[in-house]
Amino acid sequence: MPRNSVDLRTPDARRQWGADRRSEPHPLVSPPVSEGRIARGRLAIVLTIAVWACYIIYTVIEQFIAGKADSARLVVEAIVYMVVVTGLAASATAYLITRIGFFYRSRAHHRAPRIALDNFLATDTPSVTVLVPSYQEDERVIRTTLLSAALQEYPGLRVVLLIDDPQQPKNRAARDLLRSARALPASIETELAVPYTRVRSAYERFLESPAESAVEDMRNLADEYRFAVGWLYSLGRRQEMVDHTDAFFVDHIVNALADDLGTIAEALEGGANEAAALPAERLHQLYRRLLAVFDVSVTSFERKRYVSLSNEPNKAMNLNSYIGLMGGSYQEVNTPLGVALVPAAAGRGELTVPNPDYVLTLDADSVLLPEYALRLVHLMEQGAYAQHAVAQTPYSAFPGSATRIERISGATTDIQHIVHQGMTHYGATFWVGANAVLRKKALDDICEVAYEGDWEIRRYIQDRTVIEDTESTIDLGVYGWTLYNYPERMAYSATPPDFGSLAIQRQRWANGGLLILSRLKDQVRARRERGQKNRFGELFLRVNYMASIFWSSVCLVIMLVYPFNKELLNPILLLVSVPYFLMMSADLKYLGYKRIDVLRIYGFNLILLPVNLSGSFASLLQLLTGEKSAFKRTPKVRDRTTAATTYLVLPMAMIALCAWTGWRDIIHHNWNNLIFAGLNLILSLYAMVAFVGLGNTIVDLLTHLRNWLYRPVKPSRRPATRATTPATPTGAIGDWASVLHYRSDKGGSSGLVAVRANHAETNALRSARSLGSSSFEEFSFFTVFQPIFELASGDVVGYEALTRFADGSSPADGLAAAAEQGVQIDLDAALIRAALASADSLPADTWLSINVSADLLRRPRELGPLLTETSRPLVLEITDGSPADLADLPGHVRIAVDDAGAGYDTLARVESLKPAFLKLGRAALAGVENGDARRAAVRSLVSFADSQGCTVIAEGIESEPQRAALAECGVPLGQGFFLGKPAPADRAVASAH
């Protein structure tokens, strides 16, 4: 069968001088490291620590004991300089330690043989769902990632593309991206159905009517393998070839899998020719392996279609939204704010999401080798790994990149692979979010539940920072779970091809470590409580991983900027960094790069100093303000991304500073510092020219200057009038005029109430409201209903109407904002009228409870006409009022005293107002399921209410023990999330039965 071999050097992308010349990826399994290399690594650690200690001791003696630091300024300089040297030495030592851990692991690793994996496939394998979060990615990129996931040698795989593109694209390009993303899953599943259907039919024939001889069965199986090989080669030939990532996918995933299957086909045919019959069990295994390659379902999901899911603009919440649906069946329900996913009754589900044993997350610009899922799940199913929550292979860089910056950035990625593998040796593994196999049980342990309005939001992966996987690592550690880096290279991820997009990526990476660092104490405390030891090595490596970007950048800037006393610049200081650079240069050579690339990486990191510091300072700002940092996605475009002005100007300023420092050192004969300044000048200047480009720098700066000087004013547009097509009312009616004056036809309701004030003074108050999520001019709301149950029988006797504002604010806040405009009475009246209109679809034998403010209660002329618009029994819930306020209410209206406690004030109010109902709030019921005293107080209150002709309603029932305790206390009625959540009228009625 002809193989579609690809030359990595010939994709369409233009190649720069200094691009990556590698044509082959790194070995799948790292070759064992020699004793000599390990010995040199140990020696580097000893030398670094020894030289650092000698320098510190020497400096202390010279500056403080001998008295050379004879002024406050010199004392401060000496202390700061020693801290700077210590910080840089600590980072260097951490790298040297982790590479030793990598060496140990590479020597100890033994690959699971293929026969063990085939035996695993012959069993009932755990279920796996692959989640691929995507935001406006190129169709070719998504297709490559989805195919690499779909071609995993794992049976029954589910691949879900989590499309996070805006639902209403603003331009044609965005619409095309969304359209292509939606079409891809079905297209890929249809492609894979061809080989799967054929192999499945052949397997069924083998099971139902085996051939007359095992030899014939072997030939039939060889035919199926050859068909699969031909289909895979054809798939590779259909791949659009744009850059080196496409070449890698075809050559090292599709064709490599075809070659592997072809080898089996040849072996089967050769065995058949020699009449060497395989046992039926082995034939079963080989059939199941072939089926596993194509046994996959590929679908998509868009969380932004639903108002019931989080719309936070980050990858973590995209993943969380789908993971939170796992194990449930849902139906779509129209609400006033949009479509919501709600749990469905048996047989009514429109969307069923299985609850898998494992979740595999995969970024849309990454690919996996075909055995990734199989090997990692097989590993996690072993008893020794039962407490591992995450297994992954830290991703590597694609070989053959076309630009210099991709090559050097790829070199740092491959170095990080060594670091992460080494950290596992010391138990300091961090989850690296581009690809990982996650145990669903562990995710359930760290799940946090919050509410946005009435919608339950589940958070498994933290989104407090933009390095969400790092914080989730700490969460897993708190719950006793561990993480594991599989010691093979089985995942590859793309590197940004230009400085602008790379700066965005690295700024994200630098933002968050300092915030998460404070949470490390939670893990330490949890381990101590479990009786486990906290090892210094692990803590040191974790602290370095989360904070070294910050302290290394700050220390390097201090050394570059501040003219320290030349007495501090001892030649021995240079020896602190020599072992680090020598070992890294050896590692680069080991990874297929050049030793001299260590200097290029240093220069590369110099021009990235402003980027790293920007991310670190963003962390500090978030720590002070408590505001979540904006999530910035790394651009995935073929054209160059414009770099921020700061990231261009500051590196040039640093180059100028190094030149000035060097000139000053020459004048003052400060030769030690001249070496440091000269080296930084040469390498940073080289990095700006090689990795950013003089032409690109000029173009970007002129672009920013033009945008600053010339800002075209967009012509104002009148807001488009809304379509007049009537919509189904689901929770409220009309607009301000309709609700208050014209009483528009309920059938023509749009479901969302917009209340607009036409008072001139509102313009002066806009700025005060601008800090919120809506303006003073408009209050958009809808009505939901919470059922009130008879606790003894479980029957629904009434519904409470609750207002939900579209901006998420509470009704109290909305009324307070309206009061500042002088329209509080109007708004409160609109809320009541909307509730009355929306309640028409509620059962006729139930009463409706509505909240009314004290201000409106004292205006019977405004309130009375509203209450006569319905003949349904009404209950007015009040928190304040007097008997005089209640004198003129219509006869079908009763009163409920809301948010009452169990104290004397409540008894006095009941005696004074003679309400029909008394509503006990959450505070009065707290602990009623556990405390005898609390239950006794509730019983007394129920008895007193009965004597006054008043019925007690318990609010906020959230558990079965709480409901049972209240029923035992004689509380007749209750409501709460446990009994029934607030929902639009149709859903509230459906869920109450």
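Data block above holds the structure.
These numbers were taken from a predicted model, which means no experiment stands behind them.

1. Remarks on the pattern of salt bridges
- In total, this model carries 49 salt bridges according to the counting rule given.
- Two residues, Arg542 and Glu538, come together in a salt bridge whose shortest N-O distance is 3.0 Å. In this pair, Arg542 and Glu538 are both assigned in helix H17 (residues 536-561), 4 residues apart and thus about one turn of the helix distant.
- For Glu538, a relative accessible area of 2% gives the class buried.
- The partner of Arg600 in a salt bridge is Asp597, with the nearest N and O atoms 2.6 Å apart. Of this pair, Arg600 and Asp597 both sit in helix H19 (residues 597-607), separated by 3 residues, roughly a single helical turn. When sorted by exposure, Arg600 lands in the same class as Asp597, which is buried.
- Shared partners join several salt bridges into a network, and the residues in it are Arg111, Arg114, Asp118, Glu153, Asp260, Arg282, Arg289, Glu371, Arg375 and Glu488.

2. Section: the pairing of strand E20 (residues 874-878)
- Within E20, 5 of the 5 residues are buried, leaving the element largely enclosed by the surrounding structure.
- Taking every second residue as pointing to the same face, both faces of E20 are buried, with Leu874, Leu876 and Ile878 on one and Val875 and Glu877 on the other.

3. Quick look at the nonpolar core
- Counting residues in hydrophobic clusters, the biggest one holds 84 residues, and the most contacted among them are Leu151, Val159, Tyr225, Leu232, Phe294 and Leu360.
- Element by element, the count of residues in this core is highest for helix H7 (residues 244-273), at 12 residues.
- With near-sequence residues (within four places) excluded, Val159 lies in contact with Val130, Val132, Leu146, Ala149, Ala150, Val296, Ser297, Val298 and Thr299.
- Of all hydrophobic cores here, the second largest spans 51 residues; its members include Phe785, Ala829, Val897 and Leu925.

4. Let's talk about the side chain of Arg600
- Polar side-chain contacts of Arg600 include one of 3.0 Å to the side chain of Tyr686.
- When residues no more than four places from it in sequence are discounted, the contact partners of Arg600 are Ile408, Tyr686 and Phe691.

5. Section: the sheet that holds strand E8 (residues 366-368)
- Strand order in this open sheet of 3 strands is E8-E15-E10, and the pairing throughout is mixed. Edge positions in the open sheet fall to E8 and strand E10 (396-397), since each of these has one partner strand only.
- Pairing geometry for E10 and strand E15 (residues 491-493), over 2 bridges, is parallel. Counted as the bridge partner of Ser396 is Tyr492 from E15.

6. Remarks on the packing of aromatic side chains
- Under the defined criterion, the tally for this structure stands at 22 aromatic pairs.
- Arranged with centres 5.8 Å apart and planes meeting at 20°, the rings of Phe301 and Tyr306 form a pair that is stacked.
- Joined through ring pairs, the aromatic side chains of Tyr95, Tyr580, Phe581 and Tyr602 make up one cluster.
- Above the plane of the ring of Tyr484 lies Arg105, whose end atom (NZ or CZ) is 5.1 Å from the centre.
- Above the plane of the ring of Trp231 lies Arg238, whose end atom (NZ or CZ) is 5.9 Å from the centre.

7. A short note on helix H29 (residues 860-867)
- Looking only at H29, the buried set comprises Leu863, Gly864, Leu866 and Leu867. All buried residues of H29 fall inside an arc of 165° around its axis, so they share one side.

8. What to know about the sheet that holds strand E6 (residues 351-353)
- The strand order across the open sheet built from 3 strands is E5-E4-E6, with neighbouring strands paired in antiparallel fashion. The sheet is open, and its two borders are formed by strand E5 (338-343) and E6, each paired with just one other strand. Neighbour-to-neighbour, the strand axes of this sheet turn through a mean angle of 35°, independent of strand direction.
- For strand E4 (residues 328-335) and E5, the ladder comprises 6 bridges, and the chain directions are antiparallel. Within E5, the residue paired with Tyr330 across the bridge is Pro343.

9. Section: the environment of Ser493
- Inspection of the secondary structure puts Ser493 in strand E15.
- Judged by relative accessible area, Ser493 falls into the buried class, the value being 5%.
- Through-space distance from the C-alpha of Ser493 to that of Phe398 is 6.7 Å; in sequence the pair is 95 residues apart.
- Setting aside anything within four residues of it in sequence, one finds Ser493 in contact with Asp365, Ser366, Tyr395, Ser396, Ala397 and Phe398.
- There is a polar contact of 2.9 Å between the side chain of Ser493 and the side chain of Ser366.

10. Re the packing of helix H3 (residues 114-121) against helix H8 (residues 280-294)
- The geometry of H3 relative to H8 is characterised by a closest axis approach of 9 Å and an angle of 80° between their N-to-C directions. Between H3 and H8, the angle falls in the class roughly perpendicular. Between H3, through Arg114, Ile115, Asp118, Asn119 and Leu121, and H8, the contact on the second element is made entirely by Arg282, Gln285, Arg288, Arg289 and Ala292.
- Grouping the amino acids of the contact of H3 with H8 by side-chain chemistry returns 3 nonpolar, 2 polar and 5 charged.

11. Regarding the environment of Lys315
- Note that Lys315 resides in helix H9 (residues 315-323).
- Among the residues examined, Lys315 registers a relative accessible area of 17% and is labelled buried.
- Separated by 153 residues in sequence, Lys315 and Leu162 place their C-alpha atoms 9.6 Å apart.
- A polar side-chain atom of Lys315 sits 3.1 Å from a polar atom in the side chain of Asp363.

Conventions we followed
Residues numbered from 1 in each chain as written. Predicted model: local features only at pLDDT ≥ 70, side-chain atom pairs only at ≥ 80, totals over all residues. Heavy atoms only, no water. Salt bridge = Lys/Arg side-chain N within 4 Å of Asp/Glu carboxyl O. Helix = DSSP H or I, 4+ residues; strand = E, 2+ residues; numbered from the N terminus. Buried < 20%, exposed > 50% of the residue type's maximum accessible area, 1.4 Å probe, protein only. Core = buried A, V, L, I, M, F, W, Y, C linked by side-chain atoms within 4.5 Å. Contact = heavy atoms within 4.5 Å. Polar contact = N/O pair within 3.5 Å; in protein donor to acceptor, adjacent residues only side chain to side chain. Pairing = 2+ DSSP bridges. Phe/Tyr/Trp six-rings, centres within 6.5 Å; stacked < 30°, edge-to-face > 60°. Lys NZ or Arg CZ within 6 Å of the ring centre and 35° of its normal. Arc of directions from axis to C-beta. Axes fitted to C-alpha atoms, helices over the stretch in contact; angles between N-to-C directions. Parallel < 35°, antiparallel > 145°, perpendicular 65-115°, else oblique. Nonpolar A, V, L, I, M, F, W, Y, C, P; charged D, E, K, R; others polar.

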